[in-house]
Amino acid sequence: MKKALQTVKFKEMEKKIFEVTLITERLCEICDRIIDTKEKVMKTIHISDRRDYDNLLMRAKIYDRAEVDIENNKIYFHTHDYPGDVHPSCIEKL
Ligand SMILES: [Zn+2]
């Protein structure tokens, strides 16, 4: 189950290794809604002490949101991008 990073305590993540995945939502230039989503594994991080945890929280601030899947040792950073693309149905409306 994914939880918001900010709600996950250090004790839950301590001494664990997490795989960090970046999820990029590509947004339509016209309607601002999602065209598609890309996932990319960035790296793995080891939360060995509180400083690693604090660094992770700091890092998460540059993304739209951050989630943790404690059971599966995964962290997801969400971001968005305007690839200069639009939905075919949005073009038809122009
Ligand atoms: Zn659109």
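Caption draft 1: Inspection of the nonpolar core at higher detail. Formed by 18 residues in total, the largest nonpolar core has its most connected members in Met13, Phe18, Ile47, Leu56, Val68, Ile75 and Phe77. Contributions of two or more residues to this core are made by α1 (10-13), β2 (16-27), β3 (34-47), α2 (50-60), β4 (65-69) and β5 (74-81).

Caption draft 2: Quick look at the coordination of the zinc ion. The protein atoms that coordinate the zinc ion are Cys28 (SG), Cys31 (SG), His87 (ND1) and Cys90 (SG), at distances spanning 2.0 to 2.4 Å. Because the angles between the 4 donor atoms bound to the zinc ion fall within 98 to 121°, the donor set is best described as tetrahedral. Between consecutive donors of the zinc ion, the numbers of intervening residues give the motif C-x2-C-x55-H-x2-C. Of the two residues, Cys28 is situated in the loop between β2 and β3 and Cys90 in helix α3 (residues 88-93); the sequence distance between them amounts to 62 residues. By the burial criterion, Cys28 is buried, and Cys90 matches it.

Caption draft 3: Main features of the sheet that holds β2. Spatial strand order, β1-β4-β5-β2-β3: 5 strands in an open sheet with mixed pairing. The strands lining the two open edges of the sheet, one partner per strand, are β1 (2-4) and β3. Neighbour-to-neighbour, the strand axes of this sheet turn through a mean angle of 25°, independent of strand direction. Sheet analysis places β1 next to β4, joined by 3 bridges and oriented antiparallel. Bridge assignment links Lys2 to a residue of β4, and that residue is Asp69. Against the sheet, α2 contacts β3, β4 and β5, and its axis sits at roughly 160° relative to β3.

Rules of the game
Residues numbered from 1 in each chain as written. Predicted model: local features only at pLDDT ≥ 70, side-chain atom pairs only at ≥ 80, totals over all residues. Heavy atoms only, no water. Core = buried A, V, L, I, M, F, W, Y, C linked by side-chain atoms within 4.5 Å. Buried < 20%, exposed > 50% of the residue type's maximum accessible area, 1.4 Å probe, protein only. Helix = DSSP H or I, 4+ residues; strand = E, 2+ residues; numbered from the N terminus. Donors = N, O, S within 2.8 Å, 3.2 Å for Na, K, Ca; no water. Tetrahedral: all angles 85-135°; square planar, octahedral: opposite > 155°, others 65-115°. Pairing = 2+ DSSP bridges. Axes fitted to C-alpha atoms, helices over the stretch in contact; angles between N-to-C directions. Contact = heavy atoms within 4.5 Å.

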